[in-house]
Amino acid sequence: MAPEKNSSGAGTSREEAPVKVPAKDPKKKEEKKDEDLSEEDLALKQQLELYVERVQDPDPGLQKVALESMRQEIRTSTSSMTSVPKPLKFLRPHYGTLKAYYETMKDSDLKRYLADILSVLALTMSAEGERESLKYRLLGSEGDIGSWGHEYVRNLAGEIAQEYTKRQGITFELDEEMFPDDDEREALLEIVNNTKLSEGYLTLARDIEVMEPKSPEDIYKAHLLDGRASASASVDSARQNLAATFVNAFVNAGFGQDKLMTVQSDPSSGSSGNWLFKNKEHGKASAAASLGMILLWEVDSGLSQLDKYFHSNDNHVIAGALLGVGIVNCNIKNDCDPALALLGDYIDKEDASIRIGAIMGLGLAYAGSQNEQIRAKLSPILNDAKAPLDVLAFTAISLGLIYVGSCNEEVAQSIIFTLMDRSESELGEPLARLLPLGLGLLYLGKQENVEVTAEVAKTFNEKIRKHCDMTLVSCAYAGTGNVLKVQNLLGHCAQHLEKGETHQAPAVLGIAMVAMAEELGVEMAIRSLEHLLQYGEQNIRRAVPLALGLLCIANPKVNVMDTLSRLSHDTDSEVAMAAVISLGLIGAGTNNARIAGMLRNLSSYYYKDASLLFCVRIAQGLVHLGKGLLTLNPYHSERFLLSPTALAGIITMLHACLDMKAIILGKYHYVLYFLVLAMQPRMLLTVDENLKPLSVPVRVGQAVDVVGQAGRPKTITGFQTHSTPVLLAAGDRAELATEKYIPLSPILEGFVILKENPDFREDN
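Residues numbered from 1 in each chain as written. Predicted model: local features only at pLDDT ≥ 70, side-chain atom pairs only at ≥ 80, totals over all residues. Heavy atoms only, no water.

**Here's the deal with a negative patch on the surface**
1) Next: Residues D183, E184, E186 and D335 make up a contiguous surface patch of negative charge.
2) Next: Relative to the elements of secondary structure, E184 occurs in helix α9 (residues 182-192).
3) Next: For E184, a relative accessible area of 43% translates into the label partly exposed. (Patch = residues over 30% accessible without salt bridge, like charges linked within 9 Å, V, L, I, M, F, W, Y side chains within 5 Å. Areas by Shrake-Rupley, 256 points an atom, 1.4 Å probe, with all protein chains shown as cover. Salt bridge = Lys/Arg side-chain N within 4 Å of Asp/Glu carboxyl O. Lys, Arg positive; Asp, Glu negative; His and termini not counted. Charge placed at Lys NZ, Arg CZ, Asp CG, Glu CD. Helix = DSSP H or I, 4+ residues; strand = E, 2+ residues; numbered from the N terminus. Buried < 20%, exposed > 50% of the residue type's maximum accessible area, 1.4 Å probe, protein only.)

This is how it looks when you write it as structure tokens:
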């Protein structure tokens, strides 16, 4: 079909479709348009207009004929895609009419027929972001989608991806209209609110027989080292006790029992309940919060065990307990909102550490919930001229987490005004850099929606202007794989600057954030980061290990492992510390023996350097995260979906690591707990229709990309057969090894409900 004069050119993208401008006299305009058409086209146009009228006829017989004819016209024309097909173009003015009539129709086959047609018309007509093509496809008849043409299928696939990015992780209310049966509604609420997560995780732990609590010494394995280093491992210093607190929290996360915090105090042994007081001042905050980590996802028993710390006279202990409440509630929704009830009263206390504990706790407990009540409580803190900088920084981060990826204007304005009002000396502080990050999290993955805010950021104080710009761009394009943005960020990293410029470090992290979307991008980014190591300034070299850690999080690639091992012996201690922490991140929850060996050797190498030894311990805790049952990977569902809250938690922790000495090694070490947002069991747990665990054989192997391959190619290679529950490593995929059950989810990951296959017959 040759494209005519007034066609919108090649392709059918909505941007290219002609925009109707109202003429002074619409009738003349219509006549003129009709004159331009050939006789054949004019006849087709009139024919289609007649069909539209007939569709609205009360006689079902006429309706059916009209719908069939309209369907036929669209289908025969869709085969050519050099221009907008003529039937679609002529039906454009009637899209609204047909939509309105559809709503008035009674449920019938005819209504589903019309939904099919509306779904195709939505291809060129629906507004950006409305996903109407998918909406009407689901309401339409179950039929062969391919017969509507390639462009329609392509558009539908795009809308399905948008829709997925939009069921994931959102909590929604189930009312009595949707589910009149109380038991059914209760069961669904448990699934939506993630209430079963702790139970399922412990089922996995029992099955794999790792319930026995581990102490930090079991992880350090000091007996494998030579004399002097092993002697230093047992030294009782506040810094080493703090490290042991974190290791204990990471290793026993979610198990509900450990050997430091949950043991009943026994006066004869002299250890146990006193562990809290083996930490100094702010160390007690992390120690009290670590109890929340051990009781992760176990809301009821977690709150009752943390309760004793609320009556302490030590403000740091109370602050830790408040943070612990947030950690326990992380990724779980509870109908009675215990976190808000407990933490809300402490937000405006005098003591800064208590305020930070409550604010960070709310950020963790309600990440991604867009809770208006919390915004009303936290926003006034940002407008308070007397509030200390650390309280402001954590408030901005918490609001960023709660409204992650929402582009919420009110929150954005509050943070912008804070950045404008603060003095130059305050904006030079390391913690001030968390303010732009809070702003960036609001636009996480939202691409060009950040542009207005980025323009406003150009008016900020020059101390933080570029830093803010880099942070906003890297957050907005995180997980998109946009090569132009990677190129732009690399350009910023190539400049040689005077001292005191801080914006290159977030640009380096930005490269990893944008490129982590798919495997090829990851490989290319790793190579680019190698170049930056060779030619970059010192502040860039300090960020490169962290970027590598993000690219391969919980996925220990040998080449990255070797690079980080090399950097962990760097002469610049900041580079070495970043490399050590990143070794922990790439091995997170894998129990990787090679990384564990490297870290043991590093603990002996740095036995005199308290700061680096602290980082080595943290990394050892991360490698054995949840005794090897947890992952930090923000991608899930076979790398198809990116969890915004998980990614937000990881980048907050990485931005804090850009200035190790001031934040992690200073008194804000509890930012490490932001990682809890990304912690998920790397399991496949199959349950029956009553949500009771069900053991079935599954094949687990390396995933193979079969997109676009003909026939039914194998989706996994090098598989082994296990009985569920099973652990899935990075890049693994599982498939059922029996036909007795049918999974209700196409992706076997996390919790999967199975129903019995009615056609299955046992072979005798």
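After that view, the rundown keeps rolling.
**With respect to the nonpolar core**
1) Next: Ranked by internal contacts, the top residues of the largest apolar core, which has 198 residues, are L632 and Y673.
2) Next: Setting aside its immediate chain neighbours within four residues, L632 contacts I553, A554, L585, A588, L622, L625, I650, L675, A678 and M679. (Core = buried A, V, L, I, M, F, W, Y, C linked by side-chain atoms within 4.5 Å. Contact = heavy atoms within 4.5 Å.)

**What to know about the pattern of salt bridges**
1) Next: Applying the stated criterion across every chain yields a total of 15 salt bridges.
2) Next: Between E372 and R375 there is a salt bridge; the shortest N-O distance is 2.9 Å. Of the two residues, E372 and R375 both sit in helix α19 (residues 372-382), 3 residues apart, roughly one turn of that helix.
3) Next: Residue E372 is classed as partly exposed on the basis of its relative accessible area, which comes to 43%.
4) Next: Note that E455 is salt-bridged to K458, the shortest N-O span being 3.3 Å.
5) Next: What makes K458 partly exposed here is its relative accessible area of 45%.
6) Next: If you follow the salt bridges from partner to partner, you end up with E519, E523 and K557 in one network.

**Digging into unusual backbone geometry**
1) Next: Looking along the chain, the bond that leaves T724 and enters P725 is cis, with omega of 0°.
2) Next: In this structure, P725 sits in the loop between β7 (716-723) and β8 (726-727).
3) Next: At E209, a position not held by glycine, the phi torsion is positive, near 60°.
4) Next: Here the phi dihedral of A554 falls at roughly 55°; this positive angle occurs in a residue that is not glycine.
5) Next: Inspection of the secondary structure assignment puts A554 in the loop between α29 (538-551) and α30 (558-567).

**Brief notes about the sheet that holds β7**
Two strands in a sheet stick together by hydrogen bonds in their backbones, pointing the same way (parallel) or opposite ways (antiparallel).
1) Next: Strand order in this open sheet of 3 strands is β7-β6-β9, and the pairing throughout is antiparallel. Two strands lie at the open edges of the sheet, namely β7 and β9 (732-736), each paired on one side alone. Taking each pair of neighbouring strands and ignoring which way they run, the sheet shows an average axis angle of 30°.
2) Next: Where strand β6 (residues 697-703) lies against β7, 6 bridges are found, and the strand directions are antiparallel. Bridge assignment links P697 to a residue of β7, and that residue is S723. (Pairing = 2+ DSSP bridges. Axes fitted to C-alpha atoms, helices over the stretch in contact; angles between N-to-C directions.)

**A look at the sheet that holds strand β5 (residues 683-687)**
1) Next: Ordered in space as β8-β5-β11-β10, the 4 strands form an open sheet in which the pairing is mixed. Pairing within the sheet leaves two strands with one partner each, and these edge strands are β8 and β10 (741-743).
2) Next: In terms of strand pairing, β5 meets β8 through 2 bridges, oriented antiparallel. The residue of β8 that forms the bridge with M683 is L727.
3) Next: Across the sheet, helix α10 (residues 197-208) touches β5, β8 and β11 (750-756), and the angle it forms with β5 is around 105°.

**Details of the environment of H282**
1) Next: Mapped onto the fold, H282 is located in helix α14 (residues 281-294).
2) Next: Classification of H282 by relative accessible area gives partly exposed; the value is 26%.
3) Next: Sequence spacing of H282 and G320 is 38 residues, and the spatial spacing of their C-alpha atoms is 8.8 Å.
4) Next: Every residue in contact with H282, bar those within four places of it in the chain, is listed here: H316, G666, K667 and H669.

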